[in-house]
Amino acid sequence: MIVVVKPNVSDERQNQLIDWLKGMGLGVHISTGEFNTVLGLIGDTSKVDIDLIESLDIVDSVKRVTETFKQCNRKFHPEDTVVEVGDVKIGGGNFAMIAGPCSVESEEQIVGIAKAVKASGANLLRGGAFKPRTSPYDFQGLKAEGIDLLKIARQETGLPIVTEIMNLRDLPLFDDVDVLQVGARNMQNFDLLKELGKTDKPILLKRGLANTLKELLMSAEYIMSEGNDKVILCERGIRTYSDYTRNTLDLSAVPMLHELSHLPVIVDPSHATGIARLVPPMACAAAACGANGLIIEVHNDPLHALCDGAQSLRPEEYTALAKKVEKIREALA
Ligand code: PEP
Ligand code: MN
């Protein structure tokens, strides 16, 4: 249930209302907007008397939120959430350009790519240290050493780092990581989500290979219900019967998620298509349909990449893509 408070109500009267609501055993999520404060009531609201709340002179309106996702629901929080990572803002009118290799392979590789993507306008560096591979015989990532190398690249370039956490037991290694990625395969690892909800780290939550938007939002809810509201949603392609691409990029997810939720939505055209030459057109399409950013795989030597070389752009291809995306954003502004 949401309670919209009238504009210009004193803090004292608003706090009295909040205390009264809490006295009914409800959690109260406060969202302060430019004009109105919205109170999200969490818990069993079945016995709450809507008419009584609505009769209060400081209350504008009261609505029941019928969806099972509450905290990520736009009805709860009408304004876009902007997640801040250092000086970088993700969401609202800001556009995040996250780029880097699928996996961190060496200091030279990650620092070289970080410098190149920064020069092309990327504002965050991605790179996998822990890699979820289909085959246990494939490169599994440099793990802790990979995170150390990402930190070196951050030091060299100033770019905040984004890297995937696969397992709760690795959490201490991520203390100094800027954005923790939950990969598609872990989107419904509820214990992991709950634990990340107890941190104050921005979480990049990727949609699972066969998950609905509601399931994605419920996973965001797992993180937010533990107190962490810095969640960034990511559409990265889903499994369909399409035969020539790795996945199918569900771009309609972007405007639909914006309608349903206030969280930022970014797009990963690399894993969605699996083919480097398809990444630029799909990146442009994502920018055109309102995505709040792109996460793109870039490698200095795709032919020798230890993971996902086929979908990785060369730095100069990324530069050209970044320019096109910029033009599309200007055209839409
Ligand atoms: C990745 O970003 O490196 C990755 C493994 O992505 P996904 O979880 O979307 O497959
Ligand atoms: Mn990859």
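Residues numbered from 1 in each chain as written. Chains lettered and ligands numbered in written order. Predicted model: local features only at pLDDT ≥ 70, side-chain atom pairs only at ≥ 80, totals over all residues. Heavy atoms only, no water.

Caption draft 1: Main features of the site of ligand 1. Near ligand 1 you find Arg126, Lys131, Pro132, Glu164, Gln181, Gly183, Ala184, Arg185, Lys206, Arg236, His271 and Glu297, and these make up its full shell. The separation between an oxygen atom of ligand 1 and a polar side-chain atom of Arg236 is 2.6 Å. For ligand 1, whose accessible area on its own is 290 Å², the fraction buried by protein is 97%. Along the lines of polarity and charge, the residues of the shell around ligand 1 split into two nonpolar, three polar and seven charged. (Near = heavy atom within 4 Å. Polar contact = N/O pair within 3.5 Å; in protein donor to acceptor, adjacent residues only side chain to side chain. Areas by Shrake-Rupley, 256 points an atom, 1.4 Å probe, with all protein chains shown as cover. Nonpolar A, V, L, I, M, F, W, Y, C, P; charged D, E, K, R; others polar.)

Caption draft 2: How the structure looks around the sheet that holds strand β2 (residues 27-32). With respect to topology, four strands assemble into an open sheet ordered β2-β3-β1-β4, the strand pairing being antiparallel. At either end of the open sheet lies a strand with only one pairing partner, and these are β2 and β4 (59-63). Here the average twist between neighbouring strands, direction ignored, is 20°. Strand direction decides the pairing type here: strand β1 (residues 2-5) and strand β3 (residues 37-42), joined by four bridges, are antiparallel. (Pairing = 2+ DSSP bridges. Helix = DSSP H or I, 4+ residues; strand = E, 2+ residues; numbered from the N terminus. Axes fitted to C-alpha atoms, helices over the stretch in contact; angles between N-to-C directions.)

Caption draft 3: Here's a closer look at the environment of Lys206. With respect to the helices, strands and loops of the structure, Lys206 is situated in strand β11 (residues 203-206). What makes Lys206 buried here is its relative accessible area of 3%. Aside from chain neighbours lying at most four places away, what touches Lys206 is Gln181, Val182, Gly183, Ala184, Met187, Leu216, Cys234, Arg236, Asp268 and His271. Here Asp268 takes part through its side chain, which lies 2.7 Å from a polar atom of the side chain of Lys206. (Buried < 20%, exposed > 50% of the residue type's maximum accessible area, 1.4 Å probe, protein only. Contact = heavy atoms within 4.5 Å.)

Caption draft 4: Structural context of the pattern of salt bridges. Scanning the model with the defined rule gives 15 salt bridges in all. Taking the shortest distance from any N to any O, the salt bridge between Asp57 and Arg13 comes out at 3.1 Å. Placement of the pair is Asp57 in the loop between α2 (50-54) and β4 and Arg13 in helix α1 (residues 11-22), with a sequence separation of 44 residues. A relative accessible area of 36% means that Arg13 is categorised as partly exposed. (Salt bridge = Lys/Arg side-chain N within 4 Å of Asp/Glu carboxyl O.)

Caption draft 5: Representation of the coordination of the manganese ion (ligand 2). Coordination of the manganese ion (ligand 2) by the protein involves Cys102 (SG), His271 (NE2), Glu297 (OE) and Asp308 (OD), with metal-donor separations of 2.0 to 2.4 Å. Donor residues for the manganese ion (ligand 2) sit on one chain with the sequence pattern C-x168-H-x25-E-x10-D. Residue His271 is found in helix α8 (residues 269-273), and its partner Glu297 is found in strand β14 (residues 293-297); the two are separated by 26 residues along the sequence. By relative accessible area, which is 9% here, His271 ends up buried. Looking at Glu297, the relative accessible area reads 0%, which means it is buried. (Donors = N, O, S within 2.8 Å, 3.2 Å for Na, K, Ca; no water.)

Caption draft 6: Seen up close, a negative patch on the surface. Taken together, the side chains of Asp49, Asp51, Glu54 and Asp60 make up a negatively charged region of the molecular surface. Here Glu54 shows up in helix α2. (Patch = residues over 30% accessible without salt bridge, like charges linked within 9 Å, V, L, I, M, F, W, Y side chains within 5 Å. Lys, Arg positive; Asp, Glu negative; His and termini not counted. Charge placed at Lys NZ, Arg CZ, Asp CG, Glu CD.)

Caption draft 7: The packing of helix α9 (residues 279-288) against helix α10 (residues 315-332), seen in detail. Remark: α9 packs on α10, axes separated minimally by 9 Å, with the N-to-C direction vectors making an angle of 25°. Taken together, the axes of α9 and α10 are roughly parallel relative to one another. Relative to α10, the crossing made by α9 is right-handed. For the pair α9 and α10, the contacting residues are Val279, Pro280, Ala283, Cys284, Ala287 and Ala288 in the first and Leu321, Lys324, Val325, Ile328, Arg329 and Leu332 in the second. A class-by-class count of the residues in the contact of α9 with α10 yields 10 nonpolar, no polar and two charged. (Parallel < 35°, antiparallel > 145°, perpendicular 65-115°, else oblique. Left-handed = near helix turned anticlockwise from the far one by under 90°.)

Caption draft 8: Inspection of the nonpolar core at higher detail. The biggest cluster of nonpolar side chains holds 64 residues, and the ones touching the most others in it are Leu205, Leu233 and Tyr318. Here the element with the most residues in this core is helix α6 (residues 213-224); it accounts for six residues. Residues within four places of Leu205 in sequence aside, it is in contact with Val182, Met187, Leu193, Leu216, Ser219, Ala220, Ile223, Val231, Ile232, Leu233 and Cys234. If you look at the next biggest cluster of nonpolar residues, it comprises 16 residues, including Val5, Leu26, Leu39 and Val48. (Core = buried A, V, L, I, M, F, W, Y, C linked by side-chain atoms within 4.5 Å.)

Caption draft 9: Spatial organisation of α1. Along its 12 residues, α1 runs 16 Å from first to last C-alpha, staying within 8% of the 16 Å computed at 1.5 Å per residue. For α1, the full list of buried residues reads Gln14, Leu17, Ile18 and Leu21. Looking down the long axis of α1, one finds its buried residues gathered within 100° of arc, a one-sided arrangement. Away from its buried face, by an angle of more than 90 degrees, α1 presents the exposed residues Glu12 and Asp19. Those residues of α1 hidden inside the fold are in contact with β1, β2, β3, α2 and β4. (Expected span 1.5 Å × (residues − 1). Arc of directions from axis to C-beta.)

Caption draft 10: Looking closely at the domain arrangement of the protein. Taken domain by domain, the protein consists of domain 1 (2-63) and domain 2 (83-332). Centre-to-centre separation of domain 1 and domain 2, based on C-alpha positions: 37 Å. (Domains from an automatic or database assignment.)

Caption draft 11: Inspection of helix α5 (residues 190-197) at higher detail. Every buried residue belonging to α5 is among Leu192, Leu193, Leu196 and Gly197, and all of these are buried. Each buried residue of α5 lies within a common arc of 140° when the element is viewed along its axis, so the set occupies one face. In this structure, the buried side of α5 is in contact with β10 (179-182), β11 and α6.

Caption draft 12: The environment of Gln155, seen in detail. Structurally, Gln155 can be placed in helix α4 (residues 144-157). Using a relative accessible area of 68% as the deciding quantity, one classes Gln155 as exposed.

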